[in-house]
Structures are given as C-alpha cells and as structure tokens.
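Summary of structural features
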Amino acid sequence: MNQVLSPPIRPEYDRVLPAFVEAPVERRLPLPTRLWQQGWLRRGLILVALALLWEGLARWQDNDLLLPSFGATLSALFDGLATGEILERTRISLTVLAQGYVLGVLLAFGLTSLAVSTQFGRDLLSTLTAMFNPLPAIALLPLALLWFGLGQGSLIFVLVHAVLWPLALNTYAGFQAVPDSLRMTGRNYGLEGLRYVGQILVPAALPAILSGLKIGWAFAWRTLIAAELVFGASSGRGGLGWYIFQNRNELYTDRVFAGLLLVIAIGLVVETVVFASLERVTVRRWGQVR
C-alpha cells in the first residue's frame, strides 16, 4: 500500500535583526548643493547679474540721458514711491487691467464651454479665433476710441481682445486633450452642460488653462502699457504707461527707466507669486505636471 509522503512542517519564528547603524541611511547634501536647489536663489542671482550688467553698461556709456545707471533708476523709483505719484499711476493701471482681464476670462470660458457642447460652438470658436487672434490688440484702440471715447471703456475693450483669444485657444486645446475615460466617467454619472465642464473638463485641462491664463495676463499687461503710451490718459487720469510717456517728453530718463522697472517688477511678482502659488496648490499637488 502506497503512502503519500507530506513535506515536513518546520516551525515558524520571527528573527529580530539588529539595527543597521554602520552608516547613515540618508547622506546630507553639501551646503552649496542645497543652496543651489533653491529656485528663488537662482532667480535672484540672475537678477543681480542683470543689474550689475546694467550698471556696467551705464558707466561705460557715461550718458544719463541715454542710459541712466541702475542706482539712479532705483533712486528715481524710490522718489516716486515716496511722493505717491507712481503708486497712484500703478493703481489706475492695475484697476483697469483687472476689469479687462476678468471680463476676458469670463468670455473665454463661456465661448469654450459652448464649443465643447455644440458643433455650432466649435465652428464659432474656430472662426473667431482665426479672424481675431492674429489681430494686435493695440490696432483696435483707434476704433475703440470712436466707440467708447477717451476713457476706461476703450482700454477695457482692447484688454478683453488681448485676453480672450489666447485663453480660449489654450482652454479648448486642454479640453480636447482630456482622456476618453474621464469623459465617459462624467457621462456615466449623468453630468451634462456646465456641470460636465466644471467637474470633468476643467480639472483635467487645468494645466492648459493655467498656461492660457498666464499668456492672457502677459498680453493684457503689455497691451495696457502700450495703449497708455500711445493714447495717453484715461478719463484725465494717466496710468503707469502715461507716467513713462510724460517723463520721456520731459527728458527725465531715470524716471522712464523707473517706470519700466516697475512694469517688469509687477510682471515678475504676478508670475512667480500669484501663478506659481496657484500651480503649487493645484496641478503640482495633483501630480498633473512635474
């Protein structure tokens, strides 16, 4: 009679291993390496290098009328801040910019929502962007002055034009890149219309939307400064571009460069603080971008 042999059963036990203390698990990076990994420090060094280059060129040129030094420009900027003149001009420009930017963003989202919902909306978006996106916003300002007069209405009109088309194109491209699996998930939950756009398409396309928001902001900011430079004050109150234009006429070159420096500083703050913070709490936190 054959017997079935079963494998021997060995007792189970846990073996506690001694802690590994021969070498640290993580090696601390050298101080220069840790400092170089800080993005704010690298950008700061670039700005310092540009300021030193500016100062060197100004001293070599030795003509304050053509190119004031970086120190003279900072002095003019601090004088304008102390008197409050440049602050008031900046407030006027940013107020107009905020109105035109917000209105352009709302119109862009409305247009792209219509485009992803209906065939007519897609045809409308493609036709309008092909017509108006290549058209410079500043070229519409003479027409805006005829329609709205010399005031904030004209500036807001050209700002909406500067923001609307690049943001609409980026947003629609982001909507088109949303995976079919997410789209089907939204349909399975019965989402339609604005709920489908807001809960499925917008979160998935947020990297492209943020890119469009940044492009629209840059277009709007430079369009506003150019409009104030060319056509002057708005309702008798000039903004930052008008401040630059006036001082150029009076040959206060240091104040002109102070105004330009403030334009650049505002752009850097919005890009590195506002949009960077928004990306950090959304798309970077969600793992949508690296």
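It should be emphasised that the depicted structure is a prediction, and the values quoted were computed from it without experimental measurement.

1. Side note on the packing of helix H8 (residues 180-188) against helix H9 (residues 193-204)
Viewed as axis vectors pointing N to C, H8 and H9 meet at an angle of 165 degrees, and their least axial separation amounts to 10 Å. When the axis of H8 is compared with that of H9, the two are roughly antiparallel. Considering only the axes of H8 and H9, their crossing is right-handed. Facing H8, whose interface residues are Leu182, Arg183, Gly186 and Arg187, H9 presents Tyr196, Ile200, Leu201 and Ala204. Looking at the contact of H8 with H9 residue by residue, the class counts come to five nonpolar, one polar and two charged.

2. Quick notes on the side chain of Glu228
By the secondary structure assignment, Glu228 is in helix H10 (residues 206-231). It is Arg89 that comes nearest to the buried, bridge-free Glu228 among opposite-charge side chains, at 8.1 Å. Polar contacts involving the side chain of Glu228 include one to the main-chain amide nitrogen of Leu240, which spans 3.3 Å. Within polar-contact distance, the side chain of Glu228 engages the backbone nitrogen of Gly241 at 2.7 Å.

3. Looking at the packing of helix H2 (residues 39-61) against helix H3 (residues 70-83)
Axis separation between H2 and H3 bottoms out at 8 Å; the angle between their running directions is 110 degrees. Classified by the angle their axes make, H2 and H3 are roughly perpendicular. For the pair H2 and H3, the contacting residues are Ala51, Trp54 and Glu55 in the first and Phe70, Gly71 and Thr73 in the second. For the contact of H2 with H3, the per-class residue count stands at three nonpolar, two polar and one charged.

4. Comments concerning the packing of aromatic side chains
Following the criterion strictly, the structure yields eight aromatic pairs and no others. Plain terms: the ring middles of Phe148 and Phe157 are 5.5 Å apart, the flat faces sit at 40 degrees to each other, and that makes the pair tilted. On the basis of relative accessible area, Phe148 is assigned to the partly exposed category, the value being 45%. Judged by centre distance (5.7 Å) and plane angle (10 degrees), the ring pair of Trp217 and Trp221 falls under stacked. With Trp217 and Trp221 both in helix H10 and four residues apart, this pair spans about one turn of that helix. For Trp217, a relative accessible area of 9% gives the class buried. Owing to a relative accessible area of 6%, Trp221 belongs among the buried residues under this scheme. In this arrangement the basic side chain of Arg255 is found over the ring face of Tyr252, its NZ or CZ atom lying 4.4 Å from the centre.

How each quantity is defined
- Residues numbered from 1 in each chain as written.
- Predicted model: local features only at pLDDT ≥ 70, side-chain atom pairs only at ≥ 80, totals over all residues.
- Heavy atoms only, no water.
- Axes fitted to C-alpha atoms, helices over the stretch in contact; angles between N-to-C directions.
- Helix = DSSP H or I, 4+ residues; strand = E, 2+ residues; numbered from the N terminus.
- Parallel < 35°, antiparallel > 145°, perpendicular 65-115°, else oblique.
- Left-handed = near helix turned anticlockwise from the far one by under 90°.
- Contact = heavy atoms within 4.5 Å.
- Nonpolar A, V, L, I, M, F, W, Y, C, P; charged D, E, K, R; others polar.
- Buried < 20%, exposed > 50% of the residue type's maximum accessible area, 1.4 Å probe, protein only.
- Lys, Arg positive; Asp, Glu negative; His and termini not counted.
- Salt bridge = Lys/Arg side-chain N within 4 Å of Asp/Glu carboxyl O.
- Polar contact = N/O pair within 3.5 Å; in protein donor to acceptor, adjacent residues only side chain to side chain.
- Phe/Tyr/Trp six-rings, centres within 6.5 Å; stacked < 30°, edge-to-face > 60°.
- Lys NZ or Arg CZ within 6 Å of the ring centre and 35° of its normal.

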